[in-house]
Number of protein chains: 2
Amino acid sequence: MKKNEKRSVGISVAVDLLVFTVEQERLKVLLIERAEEPFAGMLALPGVAVRSDEALDDAAARGILEETGLEDIYFEQLYSFGKVDRDPRNRVVSVAYMALVPQKDLHFHAGQRTSAAELVDVGQLLDSDTGLAFDHKDIISLGRERLKGKVEYTTIAFHLVDEEFTLPQLQRVYEILLGKSLYKANFRKKVMPLIEETEHSTSGDAHRPSKLYRLAEV
Amino acid sequence: MKKNEKRSVGISVAVDLLVFTVEQERLKVLLIERAEEPFAGMLALPGVAVRSDEALDDAAARGILEETGLEDIYFEQLYSFGKVDRDPRNRVVSVAYMALVPQKDLHFHAGQRTSAAELVDVGQLLDSDTGLAFDHKDIISLGRERLKGKVEYTTIAFHLVDEEFTLPQLQRVYEILLGKSLYKANFRKKVMPLIEETEHSTSGDAHRPSKLYRLAEV
């Protein structure tokens, strides 16, 4: 291969963002309604073009900030989508990232490019015939799968609860991500080594106050 | 964001390839010695520039074919590396793929670009101070980690043995990837549901012939 062949020509690089949260007992993803062609009026993931002086991770952080106003939230790279015709305008390789945020921290605002931003139920969306712009339905599907896989062997689910949480709150998030009910005793046996008690409890209301926990320092 | 901002300028996209095999009881990766600057004389992963009319997966398959002469071997996308200064010549986002191949199938040939191709012991390389070109040592490190993780919950290790294998051969590959010895009984309990007996045995030589197995159809 000659040296100048190393340079690919005519490929743009974008970062597309899966911002996941749990709202009303459902896993939801932030989508925007596209204001312009292609796919005008359809729902799409938010995304940004990667600047030539910007690392992929920095582009992802910038996009999350632009769409949600949030900094310092958890995100990780998911996968790069590189089919030739995935964008009808020009060749775009999309590096997809997923971000996880507790619902109460999410006060997203619609960007100028888009007419609306909304939280959409992931399960309902993937089970329906609703089309999304580009290959964004595939990206969401892979994101949900990755999330479900990582719940089993990482502490990724903790990014979807508040910093201090009750055990039932944490269990519900695990159940929502895994798509199944868990036995309370088994669940607690699994997570107890990962967490520690705080000095706080939920205020009683009609119920007995519940102890609040947090993720333990490693 | 305006429409024309969607297009990133001045970023090239490459695919870098981790071709893993097990040789002489060690996990090895295919490296090339760079013939030209930058990093002339240093070891690097083989890679190709992605063509504008070529999907990422197709570029990976092409690169594997060019470097090894092999088609139809197992590969998967690993991660995209996107730091700004990872290539001193120009901005290159590298989408890393890993391929797994039984050693006996690997008859690689040095490409024109490179003065040599060789199999390098992954553990020795990562434990040493030996520098590699670009961020390729980071890519290898992540690839080994992914491989180790996936051995536990997938059948990925089967891509590193011949289609028909003895149980001790398979166990050795698992042990090499996991970096630890396994109890024979535990190992067999784990893999037996995944495999089926063939009608073949190893030829006896000095030893008793051993039954040959293969990965069961799902």
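Residues numbered from 1 in each chain as written. Chains lettered and ligands numbered in written order. Predicted model: local features only at pLDDT ≥ 70, side-chain atom pairs only at ≥ 80, totals over all residues. Heavy atoms only, no water.

## Re the pattern of salt bridges
Part 1: Counting across every chain of the model gives 32 salt bridges over all chains.
Part 2: With a closest N to O distance of 3.0 Å, K150 of chain A and E76 of chain A form a salt bridge. In this pair, K150 of chain A is assigned in helix 3 (residues 136-153) and E76 of chain A in strand 5 (residues 74-81), connecting sequence segments 74 residues apart. E76 of chain A shares its class with K150 of chain A; the two are buried.
Part 3: A salt bridge links E196 of chain B to R214 of chain B; its shortest N-O distance comes to 2.9 Å. (Salt bridge = Lys/Arg side-chain N within 4 Å of Asp/Glu carboxyl O. Helix = DSSP H or I, 4+ residues; strand = E, 2+ residues; numbered from the N terminus. Buried < 20%, exposed > 50% of the residue type's maximum accessible area, 1.4 Å probe, protein only.)

## Brief notes about the domain arrangement of chain A
Residue and element names in this part refer to chain A.
Part 1: By domain assignment, chain A separates into domain 1 (11-152) and domain 2 (161-215).
Part 2: Just the C-alpha atoms count here: the centres of domain 1 and domain 2 sit 28 Å apart.
Part 3: Across the domain 1 to domain 2 interface the summed buried area is about 960 Å²; carbon plus sulfur atoms make up 63%.
Part 4: Together, E25, V151 and E152 form the three largest contributors to the area buried by domain 1 at its contact with domain 2, with a combined 48%.
Part 5: Linking domain 1 with domain 2 are three salt bridges. (Domains from an automatic or database assignment. Buried area = accessible area lost by both parts, 1.4 Å probe.)

## Remarks on the nonpolar core
Part 1: Formed by 52 residues in total, the largest nonpolar core has its most connected members in V15 of chain A together with V15 of chain B.
Part 2: Residue contacts for V15 of chain A: discarding those within four places in its chain leaves P46, G47, V48, V50, L56, A59, A60, V95 and Y97 of chain A. (Core = buried A, V, L, I, M, F, W, Y, C linked by side-chain atoms within 4.5 Å. Contact = heavy atoms within 4.5 Å.)

## Regarding the packing of helix 4 (residues 167-178) of chain A against helix 5 (residues 184-191) of chain A
All names here are of chain A.
Part 1: Where helix 4 contacts helix 5, the axes come no closer than 11 Å and their chain directions differ by 95°. It follows that helix 4 is roughly perpendicular to helix 5 by the angle criterion. Of the residues in helix 5, those touching helix 4 at L167, P168, L170, Q171 and Y174 are K184, F187, R188, K190 and V191.
Part 2: Across the contact of helix 4 with helix 5, the residue classes tally to six nonpolar, one polar and three charged. (Axes fitted to C-alpha atoms, helices over the stretch in contact; angles between N-to-C directions. Parallel < 35°, antiparallel > 145°, perpendicular 65-115°, else oblique. Nonpolar A, V, L, I, M, F, W, Y, C, P; charged D, E, K, R; others polar.)

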